[in-house]
Amino acid sequence: MYVLCSPCILSPALRAKGITHPSDIALFAKSIGRCRKFGIEVVPLPCPETRYLGPGRKPGTYLERLNTPEFATLLDELCGKVNDIIQERGPPLCILGVNSSPTCGVTSTYYGAEGDTPAKQQGRGVFYARFPDIPAQDVAVFSQYRIYLAAPLFSEAERSYNTSIAELLREHCFEVFLPQDSGDNQAVRDKSEHAQIYRRNRRAIRDADMVVAIIDGADADSGTSWEMGYAAGMKKTVIALRTDFRMAGSHERVNLMLEQASRVVTSRDELLSAAGALPTIRQPEPSSA
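Here the structure is a predicted model, which is why all the values come from computation and not from measurement.

Student: I tried to follow the overall build of the protein chain on my own but got confused; where do I start?
Tutor: Tallying secondary structure elements over the protein chain gives 11 helices and 11 strands in all. With the C-alpha coordinates of the protein chain rotated into their principal frame, the extents come out at 70 × 60 × 35 Å. For the protein chain, the residues scored as buried account for 43% of the 289 residues in total. A separation threshold of at least 6 residues defines the contact pool for the protein chain, and within that pool the share at least 24 residues apart is 68%.

Student: Quick question: what am I supposed to make of unusual backbone geometry here?
Tutor: What is expected of a backbone is that most residues other than glycine have negative phi and most peptide bonds are trans. Of note, Ser100 is a non-glycine position whose phi angle comes to about 85 degrees, a positive value. Among the secondary structure elements, Ser100 is positioned in the loop between β3 (95–97) and β4 (108–110). With a phi angle near 65 degrees, Lys235 is a residue other than glycine that sits in the positive phi range. Tracing the chain through its elements places Lys235 in the loop between α9 (222–233) and β10 (237–241).

Student: Would you mind showing me how to read the pairing of β10 here?
Tutor: The buried fraction of β10 amounts to four of the five residues, a majority that puts the element mostly inside the structure. Pairing geometry for strand β9 (residues 210–214) and β10, over five bridges, is parallel. Within β10, the residue paired with Met210 across the bridge is Thr237. Each parallel crossover has a hand, and for β9 linked through α9 to β10 it is right-handed.

Student: Looking at this structure, how should I read the packing of helix α7 (residues 156–171) against helix α11 (residues 268–275)?
Tutor: Two measures define how a pair of helices packs: the angle their axes make with one another and the distance between the axes. Contact pair α7 / α11: the axes reach a minimum separation of 11 Å and the direction vectors enclose 45 degrees. By the angle between their axes, α7 is oblique relative to α11. Handedness of the α7/α11 crossing: right-handed. Residues Tyr161, Ser164, Ile165, Leu168 and Leu169 of α7 pack against Arg268, Leu271 and Leu272 of α11. Counted by class, the contact of α7 with α11 contains six nonpolar, one polar and one charged residues.

Student: Please clarify how the nonpolar core should be interpreted in this entry.
Tutor: In summary, soluble globular proteins display a tendency toward joint burial of nonpolar side chains. Leu4 and Phe127 are the most contacted members of the largest nonpolar core, which has 21 residues in total. Elements represented by at least two residues in this core include exactly β1 (2–5) and α5 (69–89). Counting residues per element, this core draws most heavily on α5, which supplies seven residues. When near neighbours in sequence (up to four residues on either side) are disregarded, Phe127 contacts Leu45, Pro46, Pro48, Leu75, Leu78, Cys79, Val82, Thr103 and Cys104. Grouped together as the second largest cluster of nonpolar side chains are 20 residues, Tyr145, Ala151, Val212 and Leu241 included.

Student: Looking at this structure, I do not really get the packing of aromatic side chains. What am I missing?
Tutor: For any two aromatic rings, the description comes down to two numbers: the centre-to-centre distance and the angle of the planes. Under the defined criterion, the tally for this structure stands at eight aromatic pairs. Where Phe127 meets Tyr128, the ring centres are 6.2 Å apart and the plane angle is 45 degrees; that geometry is what we call tilted. Side by side, Phe127 and Tyr128 carry an identical accessibility label, which is buried. Judged by its relative accessible area of 0%, Phe127 falls in the buried class. An aromatic cluster of three or more residues is present, and its members are Phe127, Tyr128 and Phe131. A cation over an aromatic ring shows up here: Arg34 above the ring of Phe142, its NZ or CZ 4.7 Å from the ring centre.

Student: When you look at the sheet that holds strand β2 (residues 41–44) in this model, what are you seeing that I'm missing?
Tutor: Strands pair in a sheet through their backbones, by hydrogen bonds, and they do so in one of two ways: parallel or antiparallel. Judged by pairing direction, the sheet is parallel, and its four strands sit side by side in the order β2-β1-β3-β6 without closing on themselves. Because the sheet does not close on itself, it has two edges, and the strands there are β2 and β6 (136–138). Direction aside, the axes of adjacent strands within the sheet are offset by 30 degrees on average. Across two bridges, the pairing between β1 and β3 is parallel. Its bridge partner lying in β3, Leu4 is registered against Ile95. Most of the contacts of α5 go to β1, to which it runs at about 180 degrees, and overall it touches β1 and β2.

Student: Is there a simple way to think about the state of the cysteines in this case?
Tutor: A covalent bond between the sulfur atoms of two cysteines is referred to as a disulfide. Under the defined criterion, the tally for this structure stands at zero disulfides. Cysteine Cys94 is unpaired, with the sulfur of Cys35 as its nearest cysteine sulfur at 7.7 Å.

Calculation notes
Residues numbered from 1 in each chain as written. Predicted model: local features only at pLDDT ≥ 70, side-chain atom pairs only at ≥ 80, totals over all residues. Heavy atoms only, no water. Helix = DSSP H or I, 4+ residues; strand = E, 2+ residues; numbered from the N terminus. Buried < 20%, exposed > 50% of the residue type's maximum accessible area, 1.4 Å probe, protein only. Contact = heavy atoms within 4.5 Å. Pairing = 2+ DSSP bridges. Right-handed = clockwise from strand over helix to strand, strands pointing away. Axes fitted to C-alpha atoms, helices over the stretch in contact; angles between N-to-C directions. Parallel < 35°, antiparallel > 145°, perpendicular 65-115°, else oblique. Left-handed = near helix turned anticlockwise from the far one by under 90°. Nonpolar A, V, L, I, M, F, W, Y, C, P; charged D, E, K, R; others polar. Core = buried A, V, L, I, M, F, W, Y, C linked by side-chain atoms within 4.5 Å. Phe/Tyr/Trp six-rings, centres within 6.5 Å; stacked < 30°, edge-to-face > 60°. Lys NZ or Arg CZ within 6 Å of the ring centre and 35° of its normal. Disulfide = S-S within 2.5 Å.

Below is the structure:
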């Protein structure tokens, strides 16, 4: 189990001068931390720009500095080496890239201006575009993996469903905080326990990258609604899973304040897509020998 990784995520000094900020370093470190947590090997790719222009280069677009026959030949060579890795190891979970890069962008790239076309364009950089069949994720998305799972937990059915959603997310390399697993699961408790649970859950929301909220039912659970609002107030991503087909209004699946503060999805597959899930992690089959 491995990812192919833009080398500047591991060695930021490979990037062009002046473009790396502390926020970038934090994203790089967090992405590598996710790989370590889930036992994902990080296999660095070669850096075409460093090979061609050398270290300490100035920023520039593909058309300005890389649009040459020599660079195309270099890309051919490096693609052959990457394909050798894939042939030996099997397909990676994904390629990790850095958006805006002329070579390793995932959903945006500084390709260069042509006529009225802006220099920054949508799509993969010229190196990553050579691997269209391999999923790619920008480091800013990959680094967002800590989830607070907000949901009602007052019946066996609710707790079982919550656990199944948490396990689904963990299978896709998300770290999940589920309140019912940390003591918020009893009907009888005193005031001091209430305060401890409140502080612990509030801290877990602050520490999370996103909140996934289960909002089935005629009306969303009040505690879940508070957790969604608290997260939205901190400008965190909130994904609301509602498989209940009932509508709250002509154009609303649920209370409009909750709907406007979140992205509402209606299935597990939609949830995984909204959260930016990696492919399912499958453990190797046990040997029959």
